[in-house]
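# Structural overview
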Amino acid sequence: MNEFTNSTYSSTVTSLVGITTIVVLLNKWTIMLIRLRRSVYGFSNRVDPLKDRFIGHKRLYSSPGVAECIPALPTAYRLTVQEAVTLWTSQFQLRGVSEPRLSSQYIIAHLLGIKTLESLGNDRQAEFLTHKQMEQTWKLCTRRLTRMPVQYVIEGWDFRDLSLKMRPPVFIPRPETEELVGLVLADLQVLQGIGVSEQANFQCLEVGCGSGAISLSLLYSLPQLRVIALDKNKDAVDLTMENAHGLGLQGQLKVHHMDVIRDADMIVKMCSPVSALVSNPPYLFSADMAFLDPEVHQFEDQAALDGGDDGMQVIRHILTLAPKLLSNTGRVYLEVDPRHPALIQQWAEGGDHGLRYVQTHCDFTGRPRFCVLENDNATHIKTMTSI
Ligand SMILES: C[S@@+](CC[C@H](N)C(=O)[O-])C[C@H]1O[C@@H](n2cnc3c(N)ncnc32)[C@H](O)[C@@H]1O
């Protein structure tokens, strides 16, 4: 080895030793940093049984980093109800989860077996959660961090007088739909008053039953009614049946896995005549689907929401079927987008469709959201709404 190669060799060895030392040190520091970070933030590697269940709907843990930033479940101490609500409210706020306080309140109330925390006095809110309740709180709140709607997190929701099971991707009933049920009930009660409930046609067809909220609410208030409910989504059909069994209403309800577009003839044959044809169909304009909250966009069935270019795809099919389905005192009741009532009225008045537009009703925010129609040759009953 000449002087040059000798010095090159020794400087190469020196560099290698230097590099190795740096790498070793970097590794040590990284491990120390990770340990330090875990001790500050903690993170959960526990297997979540829901994770795999919903993978087909690209549901969980899609937000990068969420799983790593969850505050560690404290094992050495416990939190009071109020402290747990405060901690998770701030976590939700920090990560842009909508309705942060309500979310943590609903989840913790659910774990305590109550509907709302308000029903707990101040004393009980100062009580400590058990270790099991702490663990459950962490598990469910972590799901909410992924933007899963709170109704899916707690696997249930109230609609009018009923407590219903909820699970993705079946549509979660919205408060305005309670008003649609109110409209239908008011008219059906009038029909019942004049003896129609004794007749075979005292039945209702619901198109797109979802969790069964509308059909089951009608049945709950009117035990003489018979309801046929259909949905093109099998998950919805199953959940409606499950909810009916849970409420003991399965005897008055038939649920079918059917598509109102594809199975139109069969539906007419099976169901007519009906006193009420009710639907909260998919009515969003396709262009508006891009603006949905992550809760809706990532977890709820998009086919429950998307009504095509003008939001009327399913509505048009329901209206076409209606004259063949309605009894002479029967009516159609639809929940729609505020732009729809004018279009539907124009359509009914502008052609020979066999339907008369009865009235538009507004929701609690004052927006025109519900349409009522009946057959052209319907028997008018004075006390029914808006004649
Ligand atoms: C907005 S959700 C309403 C669900 C429930 N009625 C409620 O108000 O909570 C619309 C429902 O219609 C169903 N649906 C959509 N297109 C349908 C079709 N062509 N035939 C039958 N059901 C349909 C969806 O699967 C969904 O369950």
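Throughout this document, residue positions are counted from 1 along each chain, in the order its sequence is written. Two thresholds apply to this predicted model, a pLDDT of at least 70 for residue-level local features and 80 or more for giving and counting side-chain atom pairs, whereas whole-chain, interface and lining totals are computed over all residues. Where side-chain values are given, they derive from all heavy atoms of the structure, hydrogens and water being excluded.

### Details of the site of the ligand
For the record, the criterion: The near set for a molecule or strand comprises every residue that places at least one heavy atom within 4 Å of it. Each polar contact in these results corresponds to two N or O atoms within 3.5 Å; when the atoms are within protein, one needs to be able to donate a hydrogen and the other to accept it, and residues that are neighboring in sequence are counted only if both atoms are side-chain atoms. Using a 1.4 Å probe, accessible areas were evaluated by the Shrake-Rupley method; residue-level cover was limited to the displayed protein chains. Note on residue categories: nonpolar means Ala, Val, Leu, Ile, Met, Phe, Trp, Tyr, Cys or Pro, charged means Asp, Glu, Lys or Arg, and polar means any other residue, Gly included.
Around the ligand, a shell composed of 21 residues is seen, among which Glu206, Gly208, Asp231, Val260 and Asn280 lie nearest. In the model, a nitrogen atom of the ligand is placed 2.9 Å from a nitrogen or oxygen of the Glu206 side chain. In the environment of the ligand, a nitrogen atom lies 2.8 Å from a nitrogen or oxygen atom belonging to the backbone of Gly208. Protein chains bury 98% of the 600 Å² of accessible surface belonging to the ligand in isolation. When its residues are assigned to classes, the shell around the ligand shows twelve nonpolar, five polar and four charged.

### A look at helix H11 (residues 264–271)
Our working rule: Partly exposed residues are those whose accessible area sits between 20% and 50% of the maximum for their type, while under 20% is buried and over 50% is exposed, using a 1.4 Å probe and protein chains only. Secondary structure counts use DSSP, requiring at least four H or I residues in a row for a helix and at least two E residues in a row for a strand, with both numbered from the N terminus. Here the arc refers to the directions that run from the helix axis out to each C-beta atom.
Taken residue by residue, H11 has Ala264, Ile267, Val268 and Cys271 as its buried positions. Along the axis of H11, the buried residues cluster in a sector spanning 100 degrees; they form a single face. Facing away from the buried side of H11 by more than 90 degrees, the exposed set consists of Asp265 and Lys269.

### As for the nonpolar core
Quick note on the threshold: What is meant by a nonpolar core is a set of buried Ala, Val, Leu, Ile, Met, Phe, Trp, Tyr and Cys residues, joined one to another through side-chain atoms within 4.5 Å. In what follows, a contact means two residues having at least one pair of non-hydrogen atoms within 4.5 Å.
Counting residues in hydrophobic clusters, the biggest one holds 66 residues, and the most contacted among them are Ile107, Leu188, Leu218, Leu225, Leu253, Val278 and Tyr333. When residues in this core are grouped by element, the largest group, eight residues, is from helix H8 (residues 175–193). Apart from residues lying up to four places away in sequence, Ile107 is in contact with Phe92, Leu140, Cys141, Arg144, Val150, Val153 and Ile154. Formed by 36 residues, the second largest nonpolar core is a distinct cluster that contains Val207, Val260, Leu277 and Ile318.

### Thoughts on unusual backbone geometry
Cis peptide bonds are those with omega within 30 degrees of zero, and the linkage from Pro168 to Pro169 qualifies with 5 degrees. Inspection of the secondary structure puts Pro169 in the loop between strand S2 (162–165) and H8. Omega for the peptide link from Ser272 to Pro273 comes to 0 degrees, which places this bond in the cis form. Structurally, Pro273 is set in the loop between H11 and strand S6 (274–279). Positioned with a positive phi, Glu155 is a non-glycine residue whose angle comes to about 60 degrees. In this structure, Glu155 sits in the loop between helix H7 (150–153) and strand S1 (156–159). You will see that Arg160, though not glycine, has its phi angle at about 50 degrees, which is positive. Looking at where Arg160 falls in the secondary structure, it is placed in the loop between S1 and S2.

### Details of the pattern of salt bridges
Selection criterion: The salt bridge criterion pairs a side-chain nitrogen of Lys or Arg with a carboxyl oxygen of Asp or Glu, the two atoms within 4 Å.
For the coordinates displayed, the defined rule picks out 19 salt bridges. Arg124 serves as the salt-bridge partner of Glu127, at 3.7 Å between the closest nitrogen and oxygen. Judged by relative accessible area, Arg124 falls into the partly exposed class, the value being 42%. Each of Glu176, Glu335, Asp363, Arg367 and Arg369 takes part in a single network of salt bridges with overlapping partners.

### A few points about the sheet that holds strand S7 (residues 326–335)
One key point about sheets: their strands pair by backbone hydrogen bonds, in either a parallel or an antiparallel sense. The criterion, for reference: Strand pairing follows a simple DSSP-based rule, namely that at least 2 bridges must link the two strands. Lines fitted to C-alpha atoms define the axes, with helix axes restricted to the stretch in contact, and inter-axis angles between N-to-C directions lie between 0 and 180 degrees.
With mixed pairing, the seven strands of this open sheet are ordered in space as S5-S4-S3-S6-S7-S9-S8. Edge strands, defined here as strands with exactly one partner in the open sheet, are strand S5 (253–257) and strand S8 (355–362). Neighbour-to-neighbour, the strand axes of the sheet open up by a mean angle of 15 degrees, direction not taken into account. Sheet analysis places S6 next to S7, joined by five bridges and oriented parallel. Note on S7: the bridge partner recorded for Ser279 is Leu334. On the sheet, H8 packs against S6, S7, S8 and strand S9 (368–375) and is oriented at approximately 165 degrees with respect to S7. Strand contacts of helix H14 (residues 340–349): S7, S8 and S9, with the helix running at about 165 degrees to S8, the strand carrying the most contacts.

### Let's talk about helix H13 (residues 313–325)
Heads up, the condition is: Here the expected length of a helix is defined as 1.5 Å per residue gap, with one fewer gap than residues.
Between its first and last C-alpha atoms H13 spans 19 Å; for 13 residues at 1.5 Å apiece the expected length is 18 Å, and the two agree. For H13, the complete set of buried residues consists of Val314, Ile315, Ile318, Leu319, Leu321, Ala322 and Leu325.

### Re the environment of Val227
Looking at the element boundaries, Val227 is found in strand S4 (residues 226–231). By relative accessible area, Val227 is classed as buried at 1%. Each C-alpha atom, one on Val227 and one on Cys271, is 9.5 Å from the other, the two residues being 44 residues apart in sequence. Once residues within four sequence positions are removed from consideration, Val227 is found in contact with Cys204, Ser215, Leu219, Gln252, Leu253 and Lys254.

### Things to note about the confidence of the model for the protein chain
What counts is decided by this rule: As a per-residue measure, pLDDT tells how confident the predictor is, with possible values from 0 to 100.
Here the protein chain shows a mean pLDDT of 85. Residues at 70 or above account for 81%. Below a pLDDT of 50 lies the segment residues 19–64, which in the model reaches 41 contacts outside its immediate sequence neighbourhood of four places, other chains included. Across the interface, the model reports ipTM at 1.00; the global pTM reads 0.83.

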